[in-house]
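# Secondary and tertiary structure notes
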Amino acid sequence: MIVEGKDYRTIWMEKGRVFMIEQNLLPFEFSIYESDDYQTTCHAIKTMIVRGAGAIGAAAGFAMAQAFQRAPVSGFLPYVEKAKADIENTRPTARNLFYAVEIVFEAGLQSISKAVDAAQAIADKDASDSQAIGNFGNHLIKPGFRIETHCNAGWLAFVDYGTALAPIYKAQAENKSIFVWVDETRPRGQGARLTAWELNNAGIPHKIAPDTAGAWLMSQQKVDMMIVGADKIAANGDTANKIGTFEKAITAKTFGVPFYVAAPTSTFDLLCKSGRDIIIEERSDEEVMYQTGVDESGILRKIRVASPGSAAINPAFDVTPAEFIAGIITEKGIIKPNATEIGRLFS
């Protein structure tokens, strides 16, 4: 992605240091966060400095490589095993995180250099898989389509290109005159803050829509298709994504709007039989109670927007059953969300 004339990846590693775009400051400030050790990279994952399925996976892989680089000669194995557990405990739902940690850990047991190479390979594959998803998904988009998306599954959520936004970028490059409805995505506002920033940066026509406006938009025939990302896909096609996705899938089915999930094969968990087995991360109620934004003087502030004295629930994800999904766009092609077709992906 080009930002202010420079080509960036969302996250990268150089000489043992991990660099990532500080997503908590967007869209008001573009800044690079630096991490010298796996503990700091874990902090970045927990606090959503880096977020999104693919970017979390890359961060986890780099963190595991950092752990091997910093591990003492005496007590080497206990150190890296603890690091592995620490990284896996940062975000419980995202499949890409566990996928990356497992691969880099096994490589690191052979040599430190192999751990670093494995982490870099995961990041590179994430970018190339996203580009392939864009190519396949673009075939679904007709000229003039109005596309709705939820949360952020664009470049910022992956190492590059993204998943749900990758077909949109490809369609824009082919001058298909598309338009995007951007769900604001409460409580953290990843749509209003991140997806809208990406689309604006890329010059793609769009409008931010309140999360509650989806049914109205679809009932007025203002949405031609919907594309979302995924944090985990079960073996039967049930898909976990940002909270609010299931509501949109129900609405899309009601009004006959095709609802697609875009995700690489690294997001599939064949050991997870169905959505009932997916662990849903619950985050602090402060994310519901408070919002962060820029005031009239340009200062970034955190303010309370909910009733003092009230508590809140804050599940980070929900699960959309496979029956509501028209297809899953992967780097290998578009498949139906069922166990048979998912099985073929890995055969």
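Quick caveat, the model's predicted, so the values are computed rather than measured.

What counts and how
- Residues numbered from 1 in each chain as written.
- Predicted model: local features only at pLDDT ≥ 70, side-chain atom pairs only at ≥ 80, totals over all residues.
- Heavy atoms only, no water.
- Helix = DSSP H or I, 4+ residues; strand = E, 2+ residues; numbered from the N terminus.
- Rg over C-alpha atoms; globule rule 2.2 N^0.38 Å.
- Areas by Shrake-Rupley, 256 points an atom, 1.4 Å probe, with all protein chains shown as cover.
- Lys, Arg positive; Asp, Glu negative; His and termini not counted.
- Charge placed at Lys NZ, Arg CZ, Asp CG, Glu CD.
- Pairing = 2+ DSSP bridges.
- Axes fitted to C-alpha atoms, helices over the stretch in contact; angles between N-to-C directions.
- Buried < 20%, exposed > 50% of the residue type's maximum accessible area, 1.4 Å probe, protein only.
- Core = buried A, V, L, I, M, F, W, Y, C linked by side-chain atoms within 4.5 Å.
- Contact = heavy atoms within 4.5 Å.

## As for the overall build of the protein
Broken down by element type, the protein carries 11 helices and 18 strands. Against the 2.2 N^0.38 benchmark of 20 Å for 347 residues, the protein shows a C-alpha radius of gyration of 20 Å, consistent with a compact globule. In terms of overall dimensions, the protein has a C-alpha envelope of 65 × 55 × 45 Å along the principal axes. Within the structure as shown, the protein displays about 14800 Å² of accessible surface, and the carbon and sulfur contribution to it stands at 52%. For the protein, the distance from the average site of its 35 positive side-chain charges to the average site of its 41 negative ones is 3 Å.

## Quick notes on the sheet that holds strand 5 (residues 32-35)
Spatially, 3-4-5 is the arrangement adopted by the 3 strands of the open sheet, whose pairing is antiparallel. At either margin of the open sheet sits one strand with a lone partner, and together these are strand 3 (11-14) and strand 5. Across the sheet, the mean angle from the axis of one strand to that of its neighbour is 20°, orientation sign disregarded. Sheet analysis places strand 4 (residues 17-21) next to strand 5, joined by 4 bridges and oriented antiparallel. By the bridge assignment, Val18 is partnered in strand 5 with Ser35.

## Comments concerning the pairing of strand 12 (residues 259-262)
Residue alternation in strand 12 divides its side chains into two sets, Phe259 and Val261 and Tyr260 and Ala262, and both sets are buried. Examined bridge by bridge, strand 9 (residues 225-228) and strand 12 share 3 bridges and lie parallel to one another. If you follow Val228 over to strand 12, its bridge partner there is Val261. Bridge count between strand 12 and strand 17 (residues 327-330): 3 bridges; the pairing is parallel. Along strand 17, the bridge assignment pairs Val261 with Ile328.

## With respect to the sheet that holds strand 13 (residues 268-269)
Read across the open sheet, the 4 strands follow the order 13-10-11-16; overall the sheet is mixed. The sheet terminates laterally at strand 13 and strand 16 (317-320), the two strands that pair on one side only. Pairing between strand 10 (residues 232-234) and strand 13: 2 bridges, direction parallel. What sits directly across from Ile233, in strand 13, is Phe268.

## Remarks on the pairing of strand 14 (residues 290-294)
Relative to strand 15 (residues 300-304), strand 14 runs antiparallel, the two being bridged by 5 bridges. Residue pairing in the sheet places Thr292 in a bridge with Lys302 of strand 15. Where strand 14 hands over to strand 15, the hairpin turn is made up of 5 residues, of which Gly298 adopts a positive phi near 85°.

## A closer look at the nonpolar core
Core analysis: the biggest nonpolar cluster contains 40 residues, and Ile11, Val50, Phe62, Met64, Ile87, Leu97 and Val104 have the highest contact counts within it. Of all elements in the fold, only strand 3, strand 4, helix 1 (38-46), helix 2 (53-70), helix 3 (76-88), helix 4 (95-108) and helix 5 (112-138) reach the threshold of two or more residues within this core. Here the element with the most residues in this core is helix 2; it accounts for 11 residues. Apart from residues no more than four positions distant in its own chain, Met64 is found in contact with Val80, Ala83, Lys84, Ile87, Val101, Val104 and Phe105.

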